[in-house]
Amino acid sequence: MKRDFPNCVGAIDGKHIATQCPPNSGSGFLNYKGHHSIVLQAVVDANTKFIFIDVGDFGRNSDGGVLKESNFGKLLEANKLLLPQLRKINKDLEYEFPFVFVADEAYPLKTNLMKPFARRELTNLKRIYNYRQSRARRIVECAFGILTKRFNVFENKMLVQPDRATIITQAACVLHNLIIDKGSDIQIDIQNEIETTCSLPYQEVNRPTNHRPTREAINIREQFMQYFNSEIGSVSWQNVYIV
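Bear in mind that the values here come from a model prediction, so they are computed numbers and not experimental data.

Chemist: What exactly am I supposed to notice about a nonpolar patch on the surface here?
Modeler: On the surface, a nonpolar cluster with roughly 260 Å² of combined accessible area is contributed by Val174, Leu175 and Leu178. Mapping Leu175 onto the fold places it in helix α4 (residues 162-182). With relative accessibility at 41%, the residue Leu175 sits in the partly exposed group.

This is the structure in structure tokens:
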């Protein structure tokens, strides 16, 4: 509940790590931004700590494609992540909710992976849901921002080959977590970084995947939507962006 999205166990997103062009690599590492990169796909908790990373995939691959081929994605698909059982998020509700991850529209909608409603079909109820999810999901963007601030190697292109860039990125993520575990005496002001990084105006993304969700996944997202729009599940700030 720290990010006002009950039963959320993590936020997932991808970050391009710019590298020099590997020899004889063709266009595999060339991403949609026009430079060569590897992908850091991360799952982050409410404290900006990395709880899962997958590093080194081709820069040209989509976030959804990286998820599908990653160990995390395969465990998620096979329902082997050992997530807690369904539970009620409020004693006044009759039905239970699964524990879920949150992601943007580049990812598929699954029973344990929530994504926003598409922009073309938005109602006020769906817009509120999107805003609530966006607030929870932005923590992964904050983590990427803090990682870049702590380790300047991510500010510019790494002048190393992808395999070395993968090792550097993995090490930086581990050090990032260790700094958080050590406490405030050696870490930067994470709360300030979260507030400044996550205070950007709400903007919807529209990078839908081609995956058709199951009816169960659709129903779970709609249950969260109804809860966020109910008297017991709403918060005062969620109406700021309602048209």
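Chemist: I'm lost on the pairing of strand β2 (residues 37-44) in this one. Help?
Modeler: On a regular strand, one side chain projects to one face of the sheet and the next to the other, so that they alternate. With respect to burial, β2 is a largely interior element, eight of its eight residues being buried. Of the two faces of β2, both are covered, the one formed by Ser37, Val39, Gln41 and Val43 as well as the one formed by Ile38, Leu40, Ala42 and Val44. Relative to β2, strand β1 (residues 8-18) is paired through eight bridges, and the arrangement is antiparallel. Residue pairing in the sheet places Ile17 in a bridge with Ile38 of β2.

Chemist: Sorry, what's going on with the side chain of His16 here?
Modeler: By the element assignment, His16 lies in strand β1. The exposure class assigned to His16 is buried, which follows from its relative accessible area of 19%. Separated by 2.9 Å, the side chains of His16 and Ser37 make a polar contact.

Chemist: How should I be thinking about the packing of helix α3 (residues 124-150) against α4 in this particular structure?
Modeler: How two helices sit against one another is set out by the angle between their axes and by the gap between those axes. Two elements in contact, α3 and α4, have axes whose closest approach is 11 Å; the angle formed by their N-to-C orientations is 100°. The orientation of α3 relative to α4 falls into the category roughly perpendicular. Side by side, α3 and α4 meet where Ala143, Ile146, Leu147 and Arg150 of the first sit next to Ala172, Cys173, His176, Ile179 and Ile180 of the second.

Chemist: Even after reading the chapter, I still don't get the pattern of salt bridges, so can you show me in this structure?
Modeler: Under the criterion given, the structure shown has five salt bridges. Among the salt bridges present, the one from Lys110 reaches Glu77, with a minimum N-O distance of 2.6 Å. You can see Lys110 sitting in the loop between β4 (100-102) and β5 (113-114) and its partner Glu77 sitting in helix α2 (residues 71-77), a full 33 residues away along the chain. Note on Lys110: relative accessible area 24%, which makes it partly exposed. The exposure class assigned to Glu77 is exposed, which follows from its relative accessible area of 53%. The salt bridge partner of Glu141 is Arg137, with a shortest N-O separation of 2.8 Å. Separated by four residues within a single helix, Glu141 and Arg137 lie in helix α3, roughly one turn from each other. On the basis of relative accessible area, Glu141 is assigned to the partly exposed category, the value being 33%. Overall, Arg137 belongs to the buried group, its relative accessible area being 8%. Three or more residues joined by partner-sharing salt bridges are found here, namely Asp13, Arg137 and Glu141.

Chemist: Got a minute to help me understand the packing of aromatic side chains in this structure?
Modeler: Centre-to-centre distance and the angle between the planes together describe a pair of aromatic rings. Per the counting criterion, the structure on display carries 14 aromatic pairs. Their ring planes at 50° and their centres at 4.7 Å tell us that Phe97 and Phe224 sit as a pair that is tilted. Placement of Phe97 in the loop between α2 and β4 and of Phe224 in helix α6 (residues 215-228) is noted, with a sequence separation of 127 residues between them. This pair shows no difference in class: Phe97 is buried, exactly as Phe224 is. Joined through ring pairs, the aromatic side chains of Phe5, Tyr95, Phe97, Phe117, Tyr129, Phe224, Tyr227 and Phe228 make up one cluster. Stacked on the ring of Trp237, the Lys or Arg Arg135 has its end atom at 4.1 Å from the ring centre.

Chemist: How should I be thinking about the environment of Arg212 in this particular structure?
Modeler: Locating Arg212 in the fold gives a position in the loop between α5 (190-197) and α6. What makes Arg212 exposed here is its relative accessible area of 79%. Distance from Arg212 to Leu109, taken between C-alpha atoms, is 7.9 Å for residues 103 residues apart in sequence.

Calculation rules
- Residues numbered from 1 in each chain as written.
- Predicted model: local features only at pLDDT ≥ 70, side-chain atom pairs only at ≥ 80, totals over all residues.
- Heavy atoms only, no water.
- Patch = residues over 30% accessible without salt bridge, like charges linked within 9 Å, V, L, I, M, F, W, Y side chains within 5 Å.
- Areas by Shrake-Rupley, 256 points an atom, 1.4 Å probe, with all protein chains shown as cover.
- Salt bridge = Lys/Arg side-chain N within 4 Å of Asp/Glu carboxyl O.
- Helix = DSSP H or I, 4+ residues; strand = E, 2+ residues; numbered from the N terminus.
- Buried < 20%, exposed > 50% of the residue type's maximum accessible area, 1.4 Å probe, protein only.
- Pairing = 2+ DSSP bridges.
- Polar contact = N/O pair within 3.5 Å; in protein donor to acceptor, adjacent residues only side chain to side chain.
- Axes fitted to C-alpha atoms, helices over the stretch in contact; angles between N-to-C directions.
- Parallel < 35°, antiparallel > 145°, perpendicular 65-115°, else oblique.
- Contact = heavy atoms within 4.5 Å.
- Phe/Tyr/Trp six-rings, centres within 6.5 Å; stacked < 30°, edge-to-face > 60°.
- Lys NZ or Arg CZ within 6 Å of the ring centre and 35° of its normal.

Honestly, it's all geometry; don't read function into it.
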